[in-house]
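# An overview of the molecular structure
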Amino acid sequence: MAGSAWRSMLSQVVVGVVRRPTLSSASFSRGMQTVTLIPGDGIGPEISTAVMKIFEAAKAPIRWEERNVTAIKGPGGRWMIPPDAKESMDKSKIGLKGPLKTPIAAGHPSMNLLLRKTFDLYANVRPCVSIEGYKTPYTDVNLVTIRENTEGEYSGIEHVIVDGVVQSIKLITENASRRIAEYAFEYARNNQRNSVTAVHKANIMRMSDGLFLRKCREVAENYKDIKFTEMYLDTVCLNMVQDPTQFDVLVMPNLYGDILSDLCAGLIGGLGVTPSGNIGANGVAIFESVHGTAPDIAGMDLANPTALLLSAVMMLRHMGLHDYGNKIQAACFDTIRDKKVLTKDLGGNSKCSEFTADICRRIQDLD
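Residues numbered from 1 in each chain as written. Predicted model: local features only at pLDDT ≥ 70, side-chain atom pairs only at ≥ 80, totals over all residues. Heavy atoms only, no water.

### A word on a nonpolar patch on the surface
Put simply, the rule is: Two distance rules govern patches: like charges are joined within 9 Å, and nonpolar side chains (Val, Leu, Ile, Met, Phe, Trp, Tyr) within 5 Å, applied only to residues with over 30% relative accessible area and no salt bridge. Shrake-Rupley sampling with a 1.4 Å probe provides the accessible areas, and residues are treated as covered by the protein chains on show and by no other component. Any Lys or Arg side-chain nitrogen located within 4 Å of an Asp or Glu carboxyl oxygen qualifies as a salt bridge. Helix and strand assignments follow DSSP, with helices taken as H or I runs no shorter than four residues and strands as E runs no shorter than two, numbered in order from the N terminus. Only protein chains enter the calculation, and the probe is 1.4 Å; a residue is then buried if its accessible area is under 20% of its type maximum, exposed if over 50%, and partly exposed in between.
Residues I157, I169 and L171 make up a contiguous nonpolar surface patch of roughly 200 Å² in combined accessible area. When you line up the elements, L171 lands in the loop between β9 (165-168) and α5 (174-190). You can call L171 partly exposed: its relative accessible area is 35%.

### Comments concerning the packing of aromatic side chains
Applied cut-off: Within 6.5 Å between ring centres, the rings of Phe, Tyr and Trp (the latter by its six-membered ring) count as paired, and their orientation is classed by plane angle as stacked under 30 degrees, edge-to-face over 60, tilted in between. Only lysine NZ and arginine CZ atoms are considered, and such an atom sits over a ring when it is within 6 Å of the ring centre and within 35 degrees of the ring normal.
The final tally for this structure, using the stated rule, is 4 aromatic pairs. Here F55 and W64 contribute two aromatic rings whose centre-to-centre distance is 5.3 Å and whose plane-to-plane angle is 55°, an arrangement assigned as tilted. Over the aromatic face of Y232 sits the side chain of K201, whose NZ or CZ is 5.4 Å from the ring centroid.

### Remarks on the nonpolar core
Our working definition: In this text, buried Ala, Val, Leu, Ile, Met, Phe, Trp, Tyr and Cys residues form a nonpolar core when linked through side-chain atoms within 4.5 Å. Pairs of residues are marked as contacts when any of their non-hydrogen atoms sit within 4.5 Å.
Counting 83 residues, the largest nonpolar core has F55, L96, I146, L250, V251, M315 and I328 as its most contacted members. Looking at this core, the element that brings in the most residues is helix α9 (residues 306-318), giving 8 residues. Contacts of I146, omitting those with residues within four sequence positions, involve N124, I180, Y183, A184, Y187, V249, L250, V251 and M252. In this structure, I38, V69, M111 and L115 belong to the second largest nonpolar core, which totals 14 residues.

### Some points on the packing of helix α2 (residues 44-58) against α9
Here is the rule we go by: Where helices are involved, their axes are fitted lines through C-alpha atoms of the stretch in contact, as for all axes, and angles between N-to-C directions lie from 0 to 180°. For classification, angles of less than 35 degrees are called roughly parallel, those exceeding 145 degrees roughly antiparallel, those between 65 and 115 degrees roughly perpendicular, and all remaining angles oblique. By definition, any crossing whose near helix is turned counterclockwise from its far helix by less than a right angle is left-handed, and any crossing with a clockwise turn is right-handed. Residues are grouped as follows: Ala, Val, Leu, Ile, Met, Phe, Trp, Tyr, Cys and Pro are nonpolar; Asp, Glu, Lys and Arg are charged; all remaining types, including Gly, are polar.
Relative orientation of the contacting elements α2 and α9 amounts to 50°, with a least axis distance of 9 Å. One element, α2, and the other, α9, form an angle in the oblique class. Two packed elements cross with a definite hand, and for α2 against α9 that hand is right-handed. Taking contact as the criterion, the partners of I47, S48, V51, I54 and F55 in α2 are, on α9, L308, L309, A312, M315 and L316. In the contact of α2 with α9, the residues fall into 9 nonpolar, 1 polar and no charged.

### Overview of the confidence of the model for the protein
Our working definition: pLDDT is a per-residue confidence score from the predictor, ranging from 0 to 100.
With 91% of its residues at a pLDDT of at least 70, the protein reaches an overall mean of 90. Scored below 50 in pLDDT, residues 1-27 makes 79 contacts in the model with residues more than four places away or belonging to other chains.

### Let's talk about helix α3 (residues 83-92)
Selection rule: Arc definition: it is the arc formed by the directions from the helix axis to the C-beta atoms.
Of all the residues in α3, the buried ones are A85, S88, M89 and S92. For α3, the buried positions fall inside an angular range of 95° around the axis, keeping them on one side. Away from the buried face of α3 by more than 90 degrees, exposed residues E87 and K91 are located. Against β1 (33-38), β2 (62-66), β5 (94-97), α4 (111-119) and β14 (285-289) lie the buried residues of α3. One or two residues past the end of α3 sits K93, with phi positive at roughly 70°.

### A closer look at the sheet that holds strand β11 (residues 227-232)
The condition that has to hold: A strand pair is defined by DSSP finding two or more bridges across the two strands.
If you walk across this open sheet you meet the 10 strands as β2-β1-β5-β14-β13-β6-β7-β12-β10-β11, and the pairing is mixed. The strands lining the two open edges of the sheet, one partner per strand, are β2 and β11. Between one strand and the next, the sheet's axes are offset by a mean angle of 25°, whatever the strand orientation. Pairing analysis gives 7 bridges linking strand β6 (residues 121-129) to strand β7 (residues 142-148), with the strands arranged antiparallel. The partner of P127 across the bridge, within β7, is V144. Sheet strands in contact with α2 are β1, β2, β5 and β14, and its direction is about 160° off that of β2.

### Concerning unusual backbone geometry
In this model, K59 sits at a positive phi of 60°, which is unusual for a non-glycine residue. As for its position among the elements, K59 is in the loop between α2 and β2. Exposure remark for K59: the relative accessible area of 63% places this residue in the exposed category.

### Details of the pattern of salt bridges
Enumeration over the complete set of coordinates arrives at 23 salt bridges. R67 is the partner of E65 in a salt bridge, and the nearest nitrogen-oxygen pair spans 3.6 Å. Judged by its relative accessible area of 25%, E65 falls in the partly exposed class. A salt bridge links E174 to R178, with the nearest nitrogen and oxygen atoms 2.7 Å apart. One end of the pair, E174, and the other, R178, are both in helix α5, 4 residues apart, so they sit about a helical turn from each other. For E174, a relative accessible area of 38% gives the class partly exposed.

Here's what the structure looks like:
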């Protein structure tokens, strides 16, 4: 049941939901398509190479355009991504990104935050569905977290008031709150989901979370076919670990989404098996692995490429390349279910290259 639920869920992650103002999914399905590849740091290059090998085995019509997104200072000292990376994304509209590190230094921006702001990637969509054959304490998880991606506590507005006192500003706007609420309800409607839960702390942050919740309520009035509930963040966390099956689609501000989406990933086995997509307002979408850079195992052929691979499957479906996505996904799940060639974090002792090779073999067997 869990496996079929995952296949159904992941196949619907972006179909009919992601609105592309300038390009339709059908326009991606003809001929070779360019995708901007951001390998990232640490294990990023290794798992990116694994994905490229698997795509090659599947004969997916993707041309990779590799770019570095290390932050640079532009005019006026403002942080920005390198111009060639921005130009590539502006042209391709589609990106696949490995994990990025953020130097812990005064003034240096989070690279993930910089990408979100640069391309207005306002919605993070993360499906969490139990994987057949991969044992966890929870066997029937089937939910989606939708996180507002551009503001909240992650607006990056901080300053020193006096020595020893730092203030961080939580920015919540009407437009961003309405936009993410509309996205969540459209997602639920187009993916045959029954309910949307708004996650908040309006009892404490009455103005900021109050505004977010008010916009969710207003949008809900236009979607009478979708059940709407609202719940405090702490209550959601409590109920989630007790019985995650009571949740369907959850929508929330930025920080809450960062925390809760990771909690949900833990229910199905961790960030190493959880795909993620970031949807922008201007036709741009970046799909990514959401785990860390794992510098302790970088270059040792020990990394698990599953999260980036499943994110790439989301990307293929977003582009209308469903057959290729289905083939790659089936091979990946068959490898996990077979349990003979798994990386250490999946319960095996195989190398990343061996896990990749087994998926490639299964893809070829499907042809």
